[in-house]
Amino acid sequence: MTSSTLPASHLFSSFALLIYVLAVTLGTFLGGSWASLGIGGGLILFLGIWAFERGHPPINTNIIYSVLGVLCVMAFLGTQANTPDVSWHMLLQSATILMPLALLFSPRVIAHIDTPRFFPVVIAAASMGALAFGLEFQFGFPILRALKGDMASITEYNRGASYLAVFAFPMMGYLWIKGLRWQAIGFAALMLTPVMLTESRATRLAFFLGFAVTIMAHHLPNLARRSLIGLLMVLIALPFIITTAYIQHPQWIADLPPSWHHRVEIWDYMSHRIFERPFFGWGLGGSHLLQYAQPHGLTYEYVKQAASHPHNAIIQLWVELGIVGLALGAAIAIALLQKATRFIAPIIPFALGSWAAALCISSVAYSFWDDSLLSLFAMTMVALIILNQQTKHLRHGP
């Protein structure tokens, strides 16, 4: 690197750090901002490095080819869609999300993110974000009221809190691996502030599941990995489980909290739409157009119109893209799980914890095609890659 590019290098590293700092502070309150930070940030970093370093930054070919492969499969399935115009629009939208996020995995981009100050600064920022979140609740939601009005619901904060619950695991891993055990425990306790204050049960489930998996993987990594594969298989069977439970065990469903009861009703009618077109699905992005009335619509307590999305990634992939999309999604999930187990040993528990938490929130909360959710996944993966590289250097030297 020449002296003329050295200032630009510092600029890119600072900009990359700013992206993550904003994600764990602003993003805790405005979860949707993860999309702009991940997608826009990745694109700006890649193009900026290309312009200032006067050379095309190398790309991560495995990631790029995987993304192109996924888009090609989605394009083929678009020809089988019930609503082709919706599917093609979603395909283009997905391409504008996935391709910029893939640029985050460029070795040159990661090199600019991977600095000694990355984790200490991001951990400090996340701590301040969690404390600010607590103060926001303590003083009657002044920020929420200022931005959204007096009638705004605190559910507006569910997304940001759930994203922080997933991203917390690389940060806890950094502190633990550095030997800062009490700081790691303290940071985990601090993360309970947004996790417990939010109304989102999905956030709490994701955080505590990830934490339990981390502890299990610390002692029994192979058992943890097999358990997560088993959990994935159970989720794949969810359409059969839900439709059976809805008929045979209605009281179980009636006893659920309202938000979960609502989800089960959505999963029930979406599962029946899966059974109607199991092989190629109804079309990418078309789940919100599916009718809910048959066969149990008259018995639903909460579903009175078609849901905006299935609130479950497995069901969404299957109902929109059929068994082909389901198989593709399962293959990607297992590949990422295998990648997590190939990190050096101290990182594996935290990588598996992140994987479990991410699987959890994508299984009970948001649309799988949500740009901010996909940005969270990409930024968390990059953080784990950096943690792996820094731990290797700590153990063996540069």
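Everything below is about the structure printed above this text.
Caption draft 1: Spatial organisation of the overall build of the protein chain. Counting its secondary structure elements, the protein chain contains 17 helices and zero strands. Here the C-alpha radius of gyration of the protein chain, 21 Å, is about what a compact globule of 398 residues would show, namely 21 Å. Overall, the C-alpha framework of the protein chain stretches about 70 × 50 × 50 Å when taken along its three principal axes. Across the 398 residues of the protein chain, 53% fall into the buried class. Here the contacts in the protein chain between residues at least 6 apart in sequence split such that 77% fall between residues at least 24 apart. For the protein chain, the accessible surface area stands at approximately 17600 Å², while carbon and sulfur atoms represent 68% of it. Here the protein chain contributes 20 positive and 15 negative side-chain charges, whose respective centroids are spaced 15 Å apart.

Caption draft 2: Inspection of helix α2 (residues 33-52) at higher detail. Taking 1.5 Å per residue as the helical rise, α2 with its 20 residues ought to reach 28 Å, and the 27 Å between its terminal C-alpha atoms agrees with that figure. Residues of α2 that are buried: Ser 33, Trp 34, Ala 35, Leu 37, Gly 38, Ile 39, Gly 41, Gly 42, Leu 45, Phe 46, Gly 48 and Ile 49. Remark: Arg 54 follows α2 within two positions and exhibits a positive phi of approximately 50°.

Caption draft 3: Layout of the packing of aromatic side chains. Under the criterion given, the structure shown has 24 aromatic pairs. Aromatic pair Phe 12 and Phe 52: ring centres 5.7 Å apart, planes at 70°, arrangement edge-to-face. Residue Phe 12 is found in helix α1 (residues 6-29), and its partner Phe 52 is found in helix α2; the two are separated by 40 residues along the sequence. Under the relative-accessibility criterion, Phe 52 is labelled partly exposed at 48%. Pairing Phe 169 with Phe 207 gives two aromatic rings, centres 5.9 Å apart and planes at 40°, and the pair type is tilted.

Caption draft 4: Spotlight on a nonpolar patch on the surface. Together, Leu 18, Leu 22, Leu 26, Leu 30, Ile 143 and Leu 147 line one region of the surface with nonpolar side chains, adding up to about 480 Å² of accessible area. Ranked by residue count, the leading element in the nonpolar patch is α1, at three residues. Following the sequence through the fold, Ile 143 ends up in helix α7 (residues 142-148).

Caption draft 5: Examining helix α4 (residues 84-103) more closely. Here α4 spans 29 Å end to end across 20 residues, near enough to the 28 Å set by a 1.5 Å rise per residue. Those residues of α4 that sit buried are Ser 87, Met 90, Leu 91, Ser 94, Ile 97, Leu 98, Pro 100, Leu 101, Ala 102 and Leu 103.

Caption draft 6: Structural detail: the environment of Ala 330. Along the chain, the position of Ala 330 falls in helix α15 (residues 313-341). Separated by 259 residues in sequence, Ala 330 and Leu 71 place their C-alpha atoms 16 Å apart. The contact partners of Ala 330, leaving out residues within four places of it in the chain, are Leu 232 and Ile 236.

Caption draft 7: Here's a closer look at the packing of helix α8 (residues 158-177) against helix α16 (residues 348-364). It is the contact of α8 with α16, at a shortest axis distance of 9 Å, that shows an interaxial angle of 175°. Taken together, the axis directions place α8 and α16 in an arrangement best described as roughly antiparallel. In this structure, α8 contributes Ser 162, Tyr 163, Val 166, Phe 169, Pro 170, Met 172, Gly 173 and Trp 176 to the contact, and α16 contributes Phe 350, Gly 353, Ser 354, Ala 357, Ala 358 and Ile 361. Across the contact of α8 with α16, the residue classes tally to ten nonpolar, four polar and no charged.

Caption draft 8: The arrangement of the environment of Gln 183 in detail. Topologically, Gln 183 is positioned in helix α9 (residues 181-197). Taking the C-alpha atoms as reference points, Gln 183 and Met 172, eleven residues apart in sequence, are found 8.6 Å from one another.

Caption draft 9: How the structure looks around the nonpolar core. The biggest cluster of nonpolar side chains holds 126 residues, and the ones touching the most others in it are Phe 167, Met 171, Phe 187, Leu 352 and Leu 376. In this structure Met 171 touches Val 24, Val 122, Ile 123, Ala 126, Leu 164 and Phe 187, once residues within four positions along its chain are discounted. Ranked by size, the runner-up nonpolar core spans eight residues in total, among them Phe 137, Leu 144, Ile 154 and Tyr 157.

Caption draft 10: How the structure looks around the packing of helix α10 (residues 201-219) against helix α11 (residues 221-236). Closest axis-to-axis distance for the α10/α11 pair is 6 Å, and the angle between their directions is 140°. As summarised for this structure, α10 and α11 are arranged oblique, according to the angle between their axes. Contact residues: α10 offers Leu 209, Val 213, Met 216, Ala 217 and His 219, while α11 offers Pro 221, Leu 223, Ala 224, Ser 227, Leu 228 and Leu 231. When its residues are assigned to classes, the contact of α10 with α11 shows nine nonpolar, two polar and no charged.

Caption draft 11: Quick look at unusual backbone geometry. Of note, the amide linkage connecting Gln 294 to Pro 295 takes the cis form, showing an omega dihedral of 0°. Its location among the elements puts Pro 295 in the loop between α14 (258-276) and α15. The residue Phe 141 is not glycine, and still its phi comes out positive at about 60°. Mapping Phe 141 onto the fold places it in the loop between α6 (118-138) and α7. Residue class for Phe 141 comes out buried when judged on its relative accessible area of 16%.

What counts and what doesn't
- Residues numbered from 1 in each chain as written.
- Predicted model: local features only at pLDDT ≥ 70, side-chain atom pairs only at ≥ 80, totals over all residues.
- Heavy atoms only, no water.
- Helix = DSSP H or I, 4+ residues; strand = E, 2+ residues; numbered from the N terminus.
- Rg over C-alpha atoms; globule rule 2.2 N^0.38 Å.
- Buried < 20%, exposed > 50% of the residue type's maximum accessible area, 1.4 Å probe, protein only.
- Contact = heavy atoms within 4.5 Å.
- Areas by Shrake-Rupley, 256 points an atom, 1.4 Å probe, with all protein chains shown as cover.
- Lys, Arg positive; Asp, Glu negative; His and termini not counted.
- Charge placed at Lys NZ, Arg CZ, Asp CG, Glu CD.
- Expected span 1.5 Å × (residues − 1).
- Phe/Tyr/Trp six-rings, centres within 6.5 Å; stacked < 30°, edge-to-face > 60°.
- Patch = residues over 30% accessible without salt bridge, like charges linked within 9 Å, V, L, I, M, F, W, Y side chains within 5 Å.
- Salt bridge = Lys/Arg side-chain N within 4 Å of Asp/Glu carboxyl O.
- Axes fitted to C-alpha atoms, helices over the stretch in contact; angles between N-to-C directions.
- Parallel < 35°, antiparallel > 145°, perpendicular 65-115°, else oblique.
- Nonpolar A, V, L, I, M, F, W, Y, C, P; charged D, E, K, R; others polar.
- Core = buried A, V, L, I, M, F, W, Y, C linked by side-chain atoms within 4.5 Å.

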